[in-house]
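Chain by chain, the residues run as shown.
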Amino acid sequence: MPEPFDSSVAEIRRFNRYYTGVIGLLDEHFLKSPFTLSEGRVLYELAHRDGLTASDLVQSLRLDPGYLSRVLSRFEKKKLLKRTTRAEDRRQAALNLTAAGKAAFRQLNKTSQDEIGAMVEGLDEGKLRNLTQSLAQVRRILARSHDDGPPLFVLRDHRVGDMGWIIHRQARLYAEEYGWNDEFEALVAEITAKFIRNFDPRRERCWVAELDGEIVGAVFLVKDSGEVARLRLLHVDAKARGQGLGRLLVEECIRFARAKGYKTLTLWTNDILIAARRIYEAAGFTLIKEEKHHSFGKDLMGQHWNLAL
């Protein structure tokens, strides 16, 4: 191999040795918890994605199925995990953390947050921004280094300030692409305000999608009734389209709705939103009814879609 390649490998290995020591990856107990690093990673996935199966975890974490099975069995013995057989496929069990499992994750997450916070506490705003952008770039480059694969999207829960971004981006998007007026901006503001005021974290969720630390999409799942959930405000920024993000956001809504026991997932859209409609159709939604309406300064055809869960 040429010298620049060897130098790069040596530098990466040097960083790996440094960072494993900084965050204690060589410790028997990860973050001074009763868990190994792999167990902590499994806890993280279960805490952030309801209704996962063992197959989902094997695929996303690239774990040996036998090893994962032993981890899940240990979690069950400690009453951190419960399995629920899926009605549509009794061979697959949905995995969900118990109250004790969620508490264990919160403690692990807080310890990690505190340790990383202490590590960067002394950095000024410029250095902190440079660090986070550099780390995002490293992650992106390595994720695509072998096969130039799709972007590595990160889905997270909403935070303070996200609703303002969602209102701004959706209002601009629909004005630029469809000529909708500020009535639509008012509607999005009303929906997001209602979501914040009435948010039920046990039954509702907002997913915010990031790429290299920048927000590029979002979607909401809200409660209509005990049996009906509603998908709202699906949005993918132009720079992130064509990479499967819209499908990913819709799939997360469906997974969450099933895990929470909803019977139907419903949504309202307009027939001119062709890309969104294709995602809904591919996910199994059925068009229930249409009606003409004049909204946002335009004559439109509204559509109601349902998915039986």
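Structure's up top.
Residues numbered from 1 in each chain as written. Predicted model: local features only at pLDDT ≥ 70, side-chain atom pairs only at ≥ 80, totals over all residues. Heavy atoms only, no water.

**Q** Would you mind going over the pairing of strand E7 (residues 264-270) with me for this structure?
**A** Regular strands place their side chains on alternate faces of the sheet. The element E7 is largely enclosed, with a buried count of five among its seven residues. As judged from the three bridges shared by strand E6 (residues 228-236) and E7, these two strands associate in the parallel manner. Bridging across to E7, Ala-229 finds its partner in Leu-265. Running through helix H9 (residues 245-259), the crossover from E6 to the neighbouring parallel element E7 is right-handed. (Buried < 20%, exposed > 50% of the residue type's maximum accessible area, 1.4 Å probe, protein only. Helix = DSSP H or I, 4+ residues; strand = E, 2+ residues; numbered from the N terminus. Pairing = 2+ DSSP bridges. Right-handed = clockwise from strand over helix to strand, strands pointing away.)

**Q** It is not clear to me how the sheet that holds strand E5 (residues 214-223) should be interpreted in this structure. Could you clarify?
**A** In space, the seven strands of this open sheet follow the order E3-E4-E5-E6-E7-E9-E8, with mixed pairing throughout. The sheet terminates laterally at strand E3 (154-157) and strand E8 (286-295), the two strands that pair on one side only. Adjacent strand axes in the sheet meet at a mean angle of 25 degrees when their direction is disregarded. As judged from the six bridges shared by E5 and E6, these two strands associate in the antiparallel manner. In the sheet register, Ala-218 faces E6, and the bridge partner there is His-235. In the packing of helix H10 (residues 274-282) onto the sheet, the strands contacted are E6, E7 and strand E9 (298-308), and the crossing angle to E7 comes to about 160 degrees. (Axes fitted to C-alpha atoms, helices over the stretch in contact; angles between N-to-C directions. Contact = heavy atoms within 4.5 Å.)

**Q** Help me understand the nonpolar core in this model?
**A** Note on soluble globular proteins: their nonpolar side chains tend to be buried together. Among the nonpolar cores identified, the biggest contains 48 residues, and Leu-221, Leu-231, Leu-265 and Phe-285 are the most heavily contacted of them. Every residue in contact with Phe-285, bar those within four places of it in the chain, is listed here: Val-250, Ile-254, Leu-265, Leu-267, Tyr-280, Trp-305, Asn-306 and Leu-307. Listed in part, the 19 residues of the second largest apolar core include Leu-43, Leu-68, Phe-75 and Leu-95. (Core = buried A, V, L, I, M, F, W, Y, C linked by side-chain atoms within 4.5 Å.)

**Q** Can you walk me through the pairing of E9 in this structure?
**A** Note that E7 and E9 share seven bridges and pair antiparallel. Counted as the bridge partner of Leu-265 is Leu-307 from E9. Between E8 and E9, which pair antiparallel in sequence order, lie two residues; one of them, Phe-296, sits at a positive phi of approximately 60 degrees.

**Q** Would you explain helix H4 (residues 65-77) in this entry?
**A** Three- or four-residue spacings in an α-helix give side chains the same orientation, since the helix completes a turn every 3.6 residues. Counted at 1.5 Å a residue, the expected span for H4 with its 13 residues is 18 Å, and the 18 Å between its end C-alpha atoms agrees. All of the buried residues in H4 are Leu-68, Val-71, Leu-72 and Phe-75. What you see down the axis of H4 is that its buried residues fit within an arc of 95 degrees, all on one side. (Expected span 1.5 Å × (residues − 1). Arc of directions from axis to C-beta.)

**Q** Is there a simple way to think about the side chain of Asp-237 in this case?
**A** Looking at the secondary structure, you find Asp-237 in the loop between E6 and H9. Discounting residues that sit within four places of it in the chain, Asp-237 has contacts with Arg-169 and Val-216.

**Q** Whenever I open this one, a nonpolar patch on the surface confuses me. Can you help?
**A** A grouping of Leu-123, Leu-128, Leu-131 and Leu-135 is seen on the molecular surface, where their side chains present a nonpolar patch of about 300 Å² in accessible area. Examined against the element boundaries, Leu-135 turns out to sit in helix H6 (residues 125-143). Judged by its relative accessible area of 48%, Leu-135 falls in the partly exposed class. (Patch = residues over 30% accessible without salt bridge, like charges linked within 9 Å, V, L, I, M, F, W, Y side chains within 5 Å. Areas by Shrake-Rupley, 256 points an atom, 1.4 Å probe, with all protein chains shown as cover. Salt bridge = Lys/Arg side-chain N within 4 Å of Asp/Glu carboxyl O.)

The values are spatial; any link to function lies outside them.
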